[in-house]
Amino acid sequence: MKKIVFASNNSHKLAELRSILGHRYEVLSLADINCHDDIPETADSFEGNALLKARWVKDRYGYDCFADDSGLEVYALGGAPGIYSARYSGATTDVAAANNAKLLRELSGADDRRARFRTAIALLTSDAEPVFFNGTVEGHILEAPRGRGGFGYDPLFVPEGWTRTFAEATGEEKNAISHRGRAVAALAEYLDNNFND
Ligand code: IMP
């Protein structure tokens, strides 16, 4: 089976990708190819950071590769935390709780609580320029967290048309409409149509 690297060691994301692409590809993690590098994510956009990661693997390890970068964009905050979503509060322990607390402080009293999650995926194969896939899900930020599932900003985020937060949904329900689910679906469709050996 054709091998492709997903430039990540996140076991949840890997399992998800393997269930979607596994019938056609052996999806390898960074650990699987013995890459333990601290890959720089110094670009100023999701696409840029995804491409940095994919290019690092392609250039140094030679595999076809794709990488993702995601975050939360809050309208009233001019798109923050955006590419800084993971390190928004600067906390090193209890990171998600600290990030959520900072977000609530920044939005306190705000009427406009609209936000969206965004994922960019960059795909690098031997015979092509990079190809990008995007996924977004629109929603709003609550005034207090709700739910125990998911991760990151999930307890504060209610997707459009829902009353529950992502943290109150099952993984399946979330994947069906999430930014990552949508970007991955676009990637899977592209791979199916373009790399049929
Ligand atoms: P990553 O690029 O997928 O690692 O995401 C970077 C950061 O964005 C995470 O550390 C979270 O803070 C936030 N984030 C991305 N996707 C999600 C999600 O599905 N739910 C909640 N937070 C997310």
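In case you missed it, the structure is sitting above this.
Since this is a predicted model, take the numbers as computed values, not measurements.

Colleague: Tell me about helix H2 (residues 46–61), and name the residues and values.
Modeller: Taking 1.5 Å per residue, 16 residues should reach 22 Å; H2 reaches 23 Å between its end C-alpha atoms and fits that length. Taken together, the buried residues of H2 touch strand E1 (2–6), strand E3 (65–74), strand E4 (114–124) and strand E5 (131–141). The positive-phi residue at the C-terminal boundary of H2 is Gly62, with phi of around 80 degrees.

Colleague: Provide a residue-level description of the site of the ligand, including the pertinent values.
Modeller: Lys13, Ser70, Asp154, Lys174 and Arg180 are the nearest of the 14 residues found near the ligand. Between the ligand and Ser70, the relevant distance is 2.9 Å, taken from an oxygen atom to a main-chain nitrogen or oxygen of the residue. One of the side-chain N or O atoms of His179 is found 3.1 Å from a nitrogen atom in the ligand. Notes on the ligand: free accessible area 470 Å², of which the protein chains cover 85%. Elements with a minimum of two residues in the shell around the ligand: E3 and helix H5 (179–194). It is E3 that provides the largest number of residues to the shell around the ligand, a total of three residues.

Colleague: Describe the pattern of salt bridges, naming the residues involved and giving the relevant values.
Modeller: Under the definition given, this model contains 16 salt bridges. One salt bridge in this structure joins Arg118 and Glu47, with 3.4 Å as the shortest N-O distance. Placement of the pair is Arg118 in strand E4 and Glu47 in helix H2, with a sequence separation of 71 residues. Residue Glu138 is joined to Arg116 by a salt bridge in which the shortest nitrogen-to-oxygen separation is 3.6 Å. Separated by 22 residues along the polypeptide, Glu138 in strand E5 and Arg116 in strand E4 bring together distant segments of the chain. The exposure class assigned to Arg116 is partly exposed, which follows from its relative accessible area of 26%. Residues joined in a network through salt bridges with shared partners are Glu47, Glu73, Arg116, Arg118 and Glu138.

Colleague: A description of the sheet that holds E4 should follow, citing residues and the corresponding values.
Modeller: As summarised here, the arrangement of the six strands in space is E2-E1-E3-E4-E5-E6, forming an open sheet in which the pairing is mixed. Two strands in the sheet have a free side with no partner beyond their single neighbour: strand E2 (25–28) and strand E6 (157–159). If you compare each strand with its neighbour and ignore which way they point, the axes differ by 35 degrees on average. Examined bridge by bridge, E1 and E3 share two bridges and lie parallel to one another. Within E3, the position partnered with Val5 by the bridge is Cys65. The strands touched by helix H1 (residues 11–21) within the sheet are E1, E2 and E3, with E2 carrying the most contacts at an inclination of about 170 degrees.

Procedures and definitions
- Residues numbered from 1 in each chain as written.
- Predicted model: local features only at pLDDT ≥ 70, side-chain atom pairs only at ≥ 80, totals over all residues.
- Heavy atoms only, no water.
- Helix = DSSP H or I, 4+ residues; strand = E, 2+ residues; numbered from the N terminus.
- Expected span 1.5 Å × (residues − 1).
- Contact = heavy atoms within 4.5 Å.
- Near = heavy atom within 4 Å.
- Polar contact = N/O pair within 3.5 Å; in protein donor to acceptor, adjacent residues only side chain to side chain.
- Areas by Shrake-Rupley, 256 points an atom, 1.4 Å probe, with all protein chains shown as cover.
- Salt bridge = Lys/Arg side-chain N within 4 Å of Asp/Glu carboxyl O.
- Buried < 20%, exposed > 50% of the residue type's maximum accessible area, 1.4 Å probe, protein only.
- Pairing = 2+ DSSP bridges.
- Axes fitted to C-alpha atoms, helices over the stretch in contact; angles between N-to-C directions.

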